[in-house]
Amino acid sequence: MQGKIIKGIAGFYYVHVVESGVYECKAKGIFRKDGIKPLVGDEVEIEVLDDKDMEGNIMRILPRRNELIRPAVANIDQALVVFAVAKPKPHLNLLDRFLVMMESREIPVILCFNKTDIAKDPEIAGLRDIYERCGYPLIFTSAKEEKHIEELKAVLKGKTTAIAGPSGVGKSSIINLLQSEVEMETGSISRKIERGRHTTRHSELLVLGEDSYIMDTPGFSSLYISDIEQDSLKYCFPEFVPYEGKCRFNGCSHVHEPDCAVKQAVEEEKIHRSRYEDYLAMYQEIQERKRF
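Residues numbered from 1 in each chain as written. Predicted model: local features only at pLDDT ≥ 70, side-chain atom pairs only at ≥ 80, totals over all residues. Heavy atoms only, no water.

**Student:** Is there a simple way to explain the nonpolar core in this structure?
**Tutor:** What tends to happen in soluble globular proteins is that the nonpolar side chains get buried as a cluster. Ile 58, Leu 111, Phe 113 and Tyr 131 are the most contacted members of the largest nonpolar core, which totals 50 residues. Counting residues per element, this core draws most heavily on helix H2 (residues 92-104), at six residues. Ignoring anything within four residues of it in the chain, the contact list for Tyr 131 reads Leu 92, Leu 95, Asp 96, Leu 99, Leu 111, Phe 113, Tyr 136, Leu 138 and Arg 275. The next biggest cluster of nonpolar side chains, apart from the first, holds 21 residues, and it includes Cys 236, Tyr 243, Val 262 and Tyr 283. (Core = buried A, V, L, I, M, F, W, Y, C linked by side-chain atoms within 4.5 Å. Buried < 20%, exposed > 50% of the residue type's maximum accessible area, 1.4 Å probe, protein only. Helix = DSSP H or I, 4+ residues; strand = E, 2+ residues; numbered from the N terminus. Contact = heavy atoms within 4.5 Å.)

Below you can see the structure in the form of structure tokens.
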């Protein structure tokens, strides 16, 4: 029987099998011996030990398409990054760090800016101006007024999506709206899974439909780009890519060199200055790290 791990707590893994429900499973000792740890999002093969109590063993972990360390999760199709347009004002450096992290793992991103009901038009236009140039899909929502939630549901259909964002942006309200009208076909989930239901310390996949899952990731307030090399950073800014090969020097870092096509594009407002400044800050951070 094949399913997807939707939660892991204290050595128990909860595996969602379409049209059957959620099985409480333990991982076979062979995984520990091989140094493999099952992750939320893993596609696994299980053997059923007890159909009535829905208990089983994980026998095999299928090959992973991708893997994140923080949060620890596998096989993400896309990330939905939720920030507020106002209250709190979006921390763009934090947002850009998350985008870089996803680009480095080749995970597509959808940007959701919430709280349009309390935002001013220039605030919305400013964010649209910055991130449309990067090529990211943008959805402006109001969880309070339930605006554009159907549009969100459409982009999540048939995907496993990690939802991330800082506190206070309305992420929980959006998740509740996405889950409304969803009849969980998972049956009665084991009492053990209920213990950690309301904690954000664990990554957890929520079932939206037969092949649609969302993962509410633990809240983040800072991101360290510790595993990205200095030479690779520029490729994590999609708006820089059209200018590759157009600078005077091959392998231009777009930082110190003269006749740099990227710096010229910033001056001509083809690349937004705030994005370029965040690139410089991250480049400097990686450089400092290499010194120690």
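**Student:** Would you mind showing me how to read the pairing of strand S12 (residues 204-209) here?
**Tutor:** The side chains of a regular strand alternate between both faces of the sheet. The buried fraction of S12 amounts to five of the six residues, a majority that puts the element mostly inside the structure. Bridge count for S12 against strand S13 (residues 212-216) is five bridges, and the pairing is antiparallel. Paired with Glu 204 across the two strands is Asp 216, which belongs to S13. Hairpin connection, S12 to S13: the antiparallel pair is bridged by two residues. (Pairing = 2+ DSSP bridges.)

**Student:** Any chance you could explain helix H5 (residues 171-179) here in plain terms?
**Tutor:** Because each turn of an α-helix spans 3.6 residues, side chains separated by three or four positions in sequence point in the same direction. Along H5, the positions that sit buried rather than exposed are Lys 171, Ile 174, Ile 175, Leu 177 and Leu 178. Down the axis of H5, the buried set is contained in an arc of 160°. They therefore lie on one face. Summarising the geometry of H5, the exposed residues directed more than 90 degrees from the buried face are Ser 172 and Asn 176. Where the residues of H5 are buried, they touch strand S8 (78-84), strand S9 (109-114), helix H4 (149-156), strand S11 (160-164), S12 and S13. (Arc of directions from axis to C-beta.)

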